[in-house]
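So the chains spell out like this:
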Amino acid sequence: MIRTYLAALAIPGCFYGIAVLSAQVDRPEIGDFAFERHTLQALGDRPQSVRNVHPGFERIAAWVSAVGAGVALFDLDGDGRHNDYCLVDPRFDSVTVAPVPTTGNRFAPFSLSWEGSASDPGSVAPMGCLPLDADQDGRQDLVVYYWGRSPSLHLAAEDFAERDLLARPEVWNTNAAITADFDGDGILDLFFGNYFPDDMAVLGTRGTVHMQRSMSRAYNAGRNRLLLGHADPSQTELLFQDDSGGLVSAAAGNNAGWTLAAGAADIDGDGLPELFVANDFGPDQLLHNRSREGAAAFAAVTGQRGLATPRSRTLGRDSFKGMGVDFSDIDRDGNLDLYVSNIAEDYALMESHLLFRGTGKAKDFAKGRAPFEEISGQIGVARSAWGWDARIADFNNDGVPEILQATGFLKGDTNRWPELHEAAMANDELLQFVAVWPKFGEGDDLSGDRADTFFVANADATYRDMAPELGFEPRTISRGIALGDVDGDGDIDALIARQWMDSILLLNTSPSRQSSAVLDLRIETLNGTTRPAIGAQVTLSADGSDTRMSATVSGGNGHSGKSAPELHFGLGAFPQDAPLVARVIWRDGMGTHRSDLPVFPGHNRLVLASESAALSMIKDQ
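Keep in mind that this is a model prediction, so the values were computed, not measured.

Re the overall build of the protein chain
Turning to step 1, where the next piece is worked out: A count of helical and extended segments in the protein chain gives 5 helices and 40 strands.
Turning to step 2, where the next piece is worked out: By its C-alpha atoms, the protein chain is 70 × 65 × 50 Å across when sized along the principal axes.
Turning to step 3, where the next piece is worked out: Contacts spanning at least 24 positions in sequence make up 63% of the contacts within the protein chain whose residues lie at least 6 apart.
Turning to step 4, where the next piece is worked out: For the protein chain, the exposed area adds up to about 22900 Å²; of that, 49% sits on carbon and sulfur atoms.
Turning to step 5, where the next piece is worked out: Side-chain charges in the protein chain split into 51 positive and 86 negative, and the spacing between the mean points of these groups amounts to 6 Å.

In structure tokens form, the structure reads like this:
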């Protein structure tokens with residue numbers, strides 16, 4: 001009888017993501033955390049606070065208008081620091097490129113033009129921007145993605161003028177974009193996660209519109225796309241070609257989930273990045289990469305489900321609202337972990353953020369299993385609010401990472417949670433009809449009363465949100481987070497894109513005396529210059545320490561925030577002055593490479609040159 005009673009208690013605890021915290025656990029020490037707020041400039045005029053949506057969506061105009069803020073960090077001017085930003089501000093539907101505040105007026109801010117190829121510019125709105133070296137000339141270019149049209153490409157070599165990414169423009173409604181070398185040929189490729197169905201005029205007037213067919217198993221959205229980069233960009237005006245067939249064969253629901261975020265990381269160490277797709281209204285998916293050069297191929301894998309593991313906390317089987325994803329090594333065991341944001345506010349939808357701890361069992365992929373176990377409830381990061389981008393990073397360089405999370409949905413005076421609860425319990429087949437939805441307009445509120453979340457570790461390795469104690473601004477509606485060391489002082493700064501509000505820089509002014517190692521990994525391009533080594537994976541260790549920290553160079557992982565393509569390691573967990581060694585795994589046109597390299601406190605630039613099997617290093621403190 002006792003065993004039955006304990007099991008009955010344990011299962012709901014897992015289901016709701018409840019962390020059992022000891023009353024003796026001290027609150028985290030926050031004296032090492034301090035930030036200055038600076039507003040990010042957004043160019044534009046005639047601000048709006050809700051979009052002009054299709055007449056069929058007018059009833060839920062505020063809901064449909066709830067996405068579109070995005071920010072990316074990159075190096076525009078070639079000064080060796082990722083201290084420039086690309087900001088999408090829905091108030092103006094503008095795409096602004098500018099130096100990060102406090103880093104100097106190195107060039108005049110400018111807007112990217114994007115209306116040229118749109119058949120009806122009034123039915124189009126930018127949703128985010130993604131930096132990458134698309135033409136392999138060593139300079140960072142920009143891809144802008146939208147609702148109402150297919151993405152545009154803006155090459156630095158063409159002064160960021162607009163050109164179509166596709167041979168024939170299409171109507172997509174995109175909310176996620178990442179770059180990685182998915183087929184292992186040494187050339188960056190592009191993945192786009194689409195939301196509303198292709199050809200649907202969400203912001204126009206033509207045709208008809210509908211919502212999802214289910215709150216938990218919806219597959220009537222736009223199709224996701226995979227575009228492979230050309231090996232020789234000088235031979236064609238079209239730098240990318242569609243190879244989405246591998247996604248269709250692997251992804252559930254004919255590759256038509258309502259995607260809001262995506263991430264890529266090499267989990268099994270073969271140099272090919274796996275792909276994680278975070279879907280609204282249905283299961284997220286982890287796709288094991290089985291591609292070969294010029295031909296993308298994936299296989300869906302799922303987590304193992306035990307007696308006390310609800311389906312919704314099993315990777316690949318959940319029914320939550322995936323809206324952010326980040327790969328990092330939160331427990332410092334040398335394996336990449338995976339954090340997924342969902343709707344997880346107390347007394348609202350009883351969902352949960354998900355933290356999948358990597359087990360390191362790469363052989364599980366061959367059995368169709370994902371090598372992860374879910375632990376968000378155990379360590380206290382399951383609940384906060386309506387979550388979007390989340391970033392696992394060490395903001396005070398003590399060697400223990402924190403989690404910064406963008407939160408909020410609608411900010412207003414009328415609480416609409418009761419009506420949303422009713423809609424969530426409706427018959428799934430009715431949800432596609434807008435008439436059965438409650439009205440969501442200006443002035444309505446859903447999770448608009450919170451600050452962004454800042455989880456800090458307790459002494460027992462559980463986490464607690466310390467944002468209020470740190471003076472985080474309340475009642476904010478945030479979407480994208482981009483991390484990077486914008487001022488070169490060795491600690492992580494954050495740019496946060498906000499919906500219908502000023503976006504901000506959180507400049508890290510931590511008084512911590514701990515040091516860090518920042519790694520700028522580079523790969524040679526066709527013209528002898530270098531580009532960020534997107535997808536390279538590093539495991540950092542030190543003599544005399546059992547701690548191992550793993551990280552991957554991100555190609556835009558998440559919702560609408562694109563972090564700088566560099567790696568940051570706080571060194572507080574390592575013995576002082578102990579020699580540091582980085583095990584680097586990367587892939588180029590010659591294959592997969594592994595090498596152990598010395599790393600030093602400060603900024604390190606590592607050029608990964610495979611032809612001579614040699615690596616050069618530039619140390620810059």
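Side note on the side chain of R498
Turning to step 1, where the next piece is worked out: Examined against the element boundaries, R498 turns out to sit in strand 29 (residues 493–498).
Turning to step 2, where the next piece is worked out: Within the local environment of R498, its side chain forms a polar contact with the side chain of S478, the two groups lying 3.0 Å apart.
Turning to step 3, where the next piece is worked out: The contact partners of R498, leaving out residues within four places of it in the chain, are A69, P90, D452, E473, T476, I477, S478, S503 and I504.

Brief notes about the environment of L190
Turning to step 1, where the next piece is worked out: Turning to its location among the elements, L190 is positioned in strand 11 (residues 189–194).
Turning to step 2, where the next piece is worked out: Put simply, L190 and N415 are 225 residues apart on the chain and 39 Å apart in space, counted from C-alpha to C-alpha.
Turning to step 3, where the next piece is worked out: Leave out the neighbours within four places in its chain, and L190 touches L130, L132, V143, L165, I178, T179, R225, L226, L227 and F240.

A word on the packing of aromatic side chains
Turning to step 1, where the next piece is worked out: Within the structure shown, the criterion is met by 24 aromatic pairs.
Turning to step 2, where the next piece is worked out: Ring centres of F35 and F454 lie 5.9 Å apart, and the angle between their planes is 80°; this geometry places the pair in the edge-to-face category. Placement of the pair is F35 in strand 1 (residues 35–39) and F454 in strand 26 (residues 453–457), with a sequence separation of 419 residues. One exposure class covers both F35 and F454, and it is buried.
Turning to step 3, where the next piece is worked out: Here the aromatic rings of W63 and F440 are separated by 5.2 Å at their centres, their planes lie at 45°, and the arrangement is tilted. Of this pair, W63 sits in helix 2 (residues 61–64) while F440 sits in the loop between helix 5 (417–424) and strand 25 (444–445), placing them 377 residues apart in sequence.

Thoughts on the domain arrangement of the protein chain
Turning to step 1, where the next piece is worked out: As far as domains go, the protein chain holds domain 1 (30–508) and domain 2 (518–618).
Turning to step 2, where the next piece is worked out: Distance from the C-alpha centre of domain 1 to the C-alpha centre of domain 2: 24 Å.
Turning to step 3, where the next piece is worked out: Counting residues at the interface gives 70 residues for domain 1, matched by 43 residues for domain 2.
Turning to step 4, where the next piece is worked out: Counting residues per element, the ones that place at least two in the side of domain 1 that touches domain 2 are strand 2 (70–74), strand 6 (125–132), strand 10 (174–180), strand 14 (258–265), strand 18 (324–328), strand 22 (387–393) and strand 28 (478–484).

Some points on empty space enclosed by the protein
Turning to step 1, where the next piece is worked out: In the structure shown here, the tally under the stated rule is 8 cavities of 30 Å³ or more.
Turning to step 2, where the next piece is worked out: Each pocket or cavity is described by its volume, and for the largest cavity that value is around 500 Å³.
Turning to step 3, where the next piece is worked out: If you trace the largest cavity, you find 28 residues lining it, with S328, I392, A393, A551 and H568 closest to the centre.
Turning to step 4, where the next piece is worked out: Taken together, the elements giving at least two residues each to the lining of the largest cavity come down to strand 18, strand 22, strand 28, strand 34 (549–552) and strand 36 (567–570).
Turning to step 5, where the next piece is worked out: Residue-level mapping places the lining of the largest cavity at the junction of two domains, with at least three residues from each of domain 1 (30–508) and domain 2 (518–618).
Turning to step 6, where the next piece is worked out: Quantified by volume, the second largest cavity comes out at close to 200 Å³.
Turning to step 7, where the next piece is worked out: Considering the residues around the second largest cavity, the lining is formed by 20 residues, among which W63, Y195, D280, F281 and F409 are closest to the centre.
Turning to step 8, where the next piece is worked out: Looking at the lining of the second largest cavity, its residues break down into 18 nonpolar, no polar and 2 charged.

Some thoughts on the pairing of strand 4 (residues 94–99)
Turning to step 1, where the next piece is worked out: Counting buried positions along strand 4 yields 6 of 6 residues, so the element is predominantly enclosed.
Turning to step 2, where the next piece is worked out: Where burial is concerned, the two faces of strand 4 agree: the one with S94, T96 and A98 and the one with V95, V97 and P99 are both buried.
Turning to step 3, where the next piece is worked out: Where strand 3 (residues 84–89) lies against strand 4, 6 bridges are found, and the strand directions are antiparallel. Pairing of L87 across the sheet is with T96, part of strand 4.
Turning to step 4, where the next piece is worked out: Count of turn residues in the strand 3/strand 4 antiparallel hairpin: 4 residues, of which D93 carries a positive phi of about 50°.
Turning to step 5, where the next piece is worked out: As judged from the 2 bridges shared by strand 4 and strand 5 (residues 110–111), these two strands associate in the antiparallel manner. Within strand 5, the residue paired with T96 across the bridge is S111.

Observations concerning the pairing of strand 12 (residues 225–229)
For a regular strand, the rule is simple: side chains alternate between the two faces of the sheet.
Turning to step 1, where the next piece is worked out: Across the 5 residues of strand 12, 5 count as buried, placing the element largely inside the fold.
Turning to step 2, where the next piece is worked out: Residues of strand 12 alternate between two faces, with R225, L227 and G229 on one and L226 and L228 on the opposite face, all of them buried.
Turning to step 3, where the next piece is worked out: As paired elements, strand 11 and strand 12 share 3 bridges and run antiparallel to each other. The partner of F191 across the bridge, within strand 12, is L226.

What to know about the environment of P197
Turning to step 1, where the next piece is worked out: Mapped onto the elements of the fold, P197 is located in the loop between strand 11 and strand 12.
Turning to step 2, where the next piece is worked out: Considering only alpha carbons, one finds P197 and A482, 285 residues apart in sequence, at a separation of 28 Å.
Turning to step 3, where the next piece is worked out: Among residues more than four places away in sequence, those in contact with P197 are N173, H210, N220, A221, G222 and W258.

A word on the environment of N194
Turning to step 1, where the next piece is worked out: In this structure, N194 sits in strand 11.
Turning to step 2, where the next piece is worked out: Excluding residues within four positions of it along the chain, N194 makes contact with W172, N173, T174, G222, R223, N224, R225, G257, W258 and T259.
Turning to step 3, where the next piece is worked out: Here T174 takes part through its side chain, which lies 2.5 Å from a polar atom of the side chain of N194.

Rules of the game
- Residues numbered from 1 in each chain as written.
- Predicted model: local features only at pLDDT ≥ 70, side-chain atom pairs only at ≥ 80, totals over all residues.
- Heavy atoms only, no water.
- Helix = DSSP H or I, 4+ residues; strand = E, 2+ residues; numbered from the N terminus.
- Contact = heavy atoms within 4.5 Å.
- Areas by Shrake-Rupley, 256 points an atom, 1.4 Å probe, with all protein chains shown as cover.
- Lys, Arg positive; Asp, Glu negative; His and termini not counted.
- Charge placed at Lys NZ, Arg CZ, Asp CG, Glu CD.
- Polar contact = N/O pair within 3.5 Å; in protein donor to acceptor, adjacent residues only side chain to side chain.
- Phe/Tyr/Trp six-rings, centres within 6.5 Å; stacked < 30°, edge-to-face > 60°.
- Buried < 20%, exposed > 50% of the residue type's maximum accessible area, 1.4 Å probe, protein only.
- Domains from an automatic or database assignment.
- 1 Å grid on protein atoms, 1.4 Å probe; cavity = no way out; pocket = protein on both sides within 12 Å on 5 of 7 lines; lining within 4 Å.
- Points joined across faces, edges and corners; volume = space filled by probe spheres on them.
- Nonpolar A, V, L, I, M, F, W, Y, C, P; charged D, E, K, R; others polar.
- Pairing = 2+ DSSP bridges.

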